Structure formats: structure tokens, C-alpha cells
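Chains, contacts and geometry: an overview
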Amino acid sequence: MIKQLLTIAFLLLSALASAADKQVKANDKNISFVGRTETLADGSVRYDWVGTYMKTRFTGGRIGVVASETGKSYYNVIIDGRVTKKILITGTNPQTIMLAEKLPKGEHELMLQKCTEGEYGCTTIHSVVIDNKATLSVVAPKSRLIEAYGDSYTVGYGTEGLKASEPFKLETENCYKAYIPIMARYFDADYRIIAHSGNGMVRNWGDKEQQSPVNMSTRYTQLYDQFATTPFNYDQRKPDIVTINIGTNDFSPTAIPEAKNYVEAYIKMIETISSRYDNVPILCITPHSSTEYLRAALQLLKESTANRFPNVHFATTMNNIINEDVDLGSDWHPNYQGQTKIAMTLIPQISKIMHWEVKE
């Protein structure tokens, strides 16, 4: 009898809690997404590219989302500019996930960011959950937008790993701690990331062939990273600058490709981005761990683009700036400190190209 009464009480409390909430469809005008996303017929928003984030302002003491997920995706919950926690979203059925509760009175800002790759999961945000009397308002976009194409260095692979010899685990991947978001926060910019670990311009990590059937040359024009091959509609917000950091995997051990094949694919990417974004400035980055083969290929690229693309720039590399004992996370990838070093080398170069101010 007591057990039955407790069950009834629990159900009543759950019903009251639900009655105290309201749901706002993800495509509401007061909710914005930065990244490549698709709005579905029912008002849900679906995406899988790493780094994609949702923003909204809200009143009331708590906020949540109704979400579903094809695999597993970790998310940063950022309230009023501060990362409050990292959560795992999984499960194909829509579920309510509370992101923040017991907040002080007043208006707050939510940023919910996918910090793991599309290879592991595609997320659908069905709606935002707030207190019944609460309201949402839009977060204005930043005046600047950086778009980045890359591989594991760009996605933040292993940034939360404790040491270089630690094997990769999904929970240690966090793009928020990678160089593009670090630079974007410095310049007060939004950012879109199109990157996939292990992929090269023509050849992926350790491939026994010189050409991989699926690589960044086949992915970068897609709406999704892994979920589907739907073409991306470039008639969206134009970035102020584009960065490309691809090549480490092309020249990884075994069947190293010919430099001309790598350069041809790279130039095709430059041509596509330039034509879709009206000759946006493009910064080609030499990875901090580049080999002599990659550096030679990038030098050939520089010579091949010198007179054809005045909008293309090449970052001055700073090889060997990473200390293995303190700057590396999982699988010898830069941790947060290592990524910060990389960002610090690129910030003045972007400042020169864009005439963006450098802070004291």
C-alpha cells in the first residue's frame, strides 16, 4: 500500500513539473544555431558537424532541451559565458535533458555546443524547455565569423587527455579547447568548423593507397559530416575569413601521395570556397607537426597560387613549439595548453590579414 502511494505521489509530482514547463520548437526565431544545420518539417534542427552550437537568452531559473541522437555526442553547456558542465546525449528517442537549474533571477544566456565529431553521432534538437512563465529572446550574431576546415587538430581530438600515451576516448575530445574556438573567443567572433579526424585532402591517416575514397575533399561541401551526403547550401552567412589546416594525414606513414595530387585537390577547395564566398580571405595553415614532405607540398601550393588567388595567405609556421611533457593530450595530440600555443601563433597573422585589433 505504501509503495502504491509513493508511486502515485511520484506521478503527480512529475505531472506538476511538466505542467510548469513549456516547450519552444528548435526553429523558433529566438533560438539560433551556428554551424551547418538542417531544419526539419516538424521544427526540429539536426546536425552532426563538430563545434556546432545553439544560442538563446532566457528568463526563469532553468532551461533544458528535448533531443535525440543517432549515436553518442558530448556537449558543452555554457551559461552566461561560463562552461558549467559537459554532458553526454545519446538515445534515438526524444528525451528531456535539463541543462541548468536553480539559476538566480534575471536574464541568462545559453550556449549548447557539440564538442565531438559527426563520426560518432548526429543530434536532433526538437525543442527548448523553459519555465512556463519564462521567455526566450534571440542572441545577436557576432560581427565576425571564422570558418575552419581541418582534421583532428581542428576538432580538438584528445584535448582533455592527461598524457600523450593515453589512448583516445570520446569523452576527451572537446573542440571548445581547440585553436579555432580559442582564436574566435579572442577576436569575439562566431565560428563554423568543418573537420574530421584522420582525414586528409586526398589520403587519410595510414591508408595503404595514395588516394582514399572518402576524405576532406569529398566531405567539405556536405551539409553533414557523416550522417548524409546532402550538399551544403552556401547561401548562408558568409565568413569573414576561412582557415584550412589539412595535410598531416595525407603525408602520414606508408603510401605518401604525390605532392601534385595533394596540391591539385587543395586548389580545387580554394576555388570552391572563393567562388561560393566571393573571394573571402583564406589562410592556409602549416601544422605544427608538419613533415618535410608536407612542407614541400605546401611550398608548391604557395607557388601555384601566388598569381591566381590574391585572397590566399599562408601562415608562417612555428614547428616544434609543443612540449611533449605538458602540451599533449591523447594520442600525441595537443591538449588545451598546446592548442592555446597554436592559437597564439595564428592570432597576429589573422590580425594582419583582417586588420582586427590585438588586445593587450
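Everything below is about the structure shown above.
A brief look at the structure comes next. (Residues numbered from 1 in each chain as written. Predicted model: local features only at pLDDT ≥ 70, side-chain atom pairs only at ≥ 80, totals over all residues. Heavy atoms only, no water.)

Some words on the overall build of the protein
What counts, and what does not: To qualify as a helix, a DSSP run of H or I must reach at least 4 residues; to qualify as a strand, a run of E must reach at least 2; elements of each kind are numbered from the N terminus. When we talk radius of gyration, it's over C-alpha atoms, and the globule rule is simply 2.2 Å times the number of residues to the 0.38. Throughout this description, buried means an accessible area under 20% of the type-specific maximum (1.4 Å probe, protein chains only), exposed means over 50%, and partly exposed covers the range between. In what follows, residue pairs with any heavy atoms lying within 4.5 Å of each other are defined as contacts. Only the protein chains shown count as cover for residues, with accessible areas throughout obtained via the Shrake-Rupley method and a probe of 1.4 Å.
From N to C terminus, the protein includes seven helices and 17 strands. In summary, the protein has a C-alpha radius of gyration of 22 Å against a globular reference of 21 Å for 360 residues, a match within 12%. Oriented by its inertia axes, the alpha-carbon framework of the protein measures out at about 80 × 40 × 40 Å. A buried classification covers 55% of the 360 residues belonging to the protein. In the protein, 75% of the contacts between residues at least 6 apart in sequence involve partners at least 24 apart. Of the roughly 16500 Å² that the protein leaves accessible, carbon and sulfur atoms contribute 54%.

A closer look at the packing of aromatic side chains
Rules: Two rings belonging to Phe, Tyr or Trp (six-membered ring only in the last case) form a pair when the distance between their centres is within 6.5 Å. Interplanar angles under 30 degrees mark stacking, angles over 60 mark edge-to-face geometry, and anything in between is tilted. By definition, being over a ring means that NZ of Lys or CZ of Arg is both within 6 Å of the ring centre and within 35 degrees of the ring normal.
The final tally for this structure, using the stated rule, is twelve aromatic pairs. Pairing Tyr53 with Tyr191 gives two aromatic rings, centres 5.1 Å apart and planes at 50 degrees, and the pair type is tilted. Residue Tyr53 is found in strand S5 (residues 53-58), and its partner Tyr191 is found in strand S14 (residues 190-195); the two are separated by 138 residues along the sequence. With respect to burial, Tyr53 and Tyr191 carry one shared label: buried. Among the aromatic residues, those joined into a ring-pair cluster are Tyr120, Tyr157 and Phe168. Here Arg36 stacks its cationic end above the ring of Phe232, 4.0 Å away from the centre of that ring. Here Lys86 stacks its cationic end above the ring of Tyr74, 5.5 Å away from the centre of that ring.

Topic: the pairing of strand S11 (residues 123-131)
Note the following rule: Paired strands, in this sense, are two strands between which DSSP finds at least two bridges.
Counting buried positions along S11 yields eight of nine residues, so the element is predominantly enclosed. Bridging between strand S1 (residues 21-25) and S11 involves five bridges; their strand directions are antiparallel. Bridge pairing links Lys25 to Ser127 in S11. Where strand S4 (residues 45-47) meets S11, three bridges bridge the pair, whose relative direction is antiparallel. Paired with Arg46 across the strands is Thr124, a residue of S11.

With respect to the environment of Leu301
Inspection of the secondary structure assignment puts Leu301 in helix H6 (residues 292-305). Setting aside its immediate chain neighbours within four residues, Leu301 contacts Val263, Tyr266, Ile267, Ile270, Cys284 and Phe314.

Quick word on the packing of helix H3 (residues 179-187) against helix H7 (residues 336-354)
Selection criterion: Here the axes come from fitting lines to C-alpha atoms, over the contacting stretch only for helices, and the angles between their N-to-C directions go from 0 to 180 degrees. Any angle that is under 35 degrees is reported as roughly parallel, and any over 145 degrees as roughly antiparallel; angles of 65 to 115 degrees are reported as roughly perpendicular and all others as oblique. Left-handed describes a crossing in which the near helix is turned anticlockwise from the far one by less than a right angle; the clockwise case is right-handed.
Where H3 meets H7, the axes come as close as 8 Å, and the angle between the chain directions of the two elements is 50 degrees. Taken together, the axes of H3 and H7 lie oblique to each other. Crossing of H3 over H7 shows right-handed handedness. Between H3, through Tyr179, Ile182, Met183, Arg185, Tyr186 and Phe187, and H7, the contact on the second element is made entirely by Tyr336, Gln339, Thr340, Ile342, Ala343, Leu346, Ile347, Ile350 and Ser351.

Quick look at helix H5 (residues 259-276)
Short version of the rule: One less than the number of residues in a helix, times 1.5 Å, gives the span that helix is expected to have.
Between the first and last C-alpha of H5 there are 26 Å, a value that for 18 residues agrees with the 26 Å anticipated at 1.5 Å per step. Summarising the contacts, the buried residues of H5 are in contact with strand S13 (145-150), helix H4 (216-219), strand S15 (241-245), strand S16 (282-284), H6 and strand S17 (312-314). Asp278 occupies a position one or two residues after H5 and carries a positive phi of about 55 degrees.

So, the environment of Gly35
Here Gly35 is to be found in the loop between strand S2 (32-34) and strand S3 (38-39). The exposure class of Gly35 is buried, given its relative accessible area of 13%. Remark: the alpha-carbon pair of Gly35 and Asp190, spanning 155 residues in sequence, is separated by 9.4 Å. Discounting chain neighbours no more than four positions away, the residues touching Gly35 are Thr52, Arg192 and Gln236.

As for the packing of H5 against H6
Running from amino to carboxyl end, H5 crosses H6 at an angle of 50 degrees, the nearest separation of the two axes being 9 Å. The orientation of H5 with respect to H6, classified from their angle, is oblique. Pair H5 / H6 crosses with right-handed handedness. Along the contact surface, H5 presents Ala259, Lys260, Tyr262, Val263, Tyr266, Ile267 and Ile270, while H6 presents Leu294, Ala297, Leu298, Leu300, Leu301, Ser304 and Thr305.

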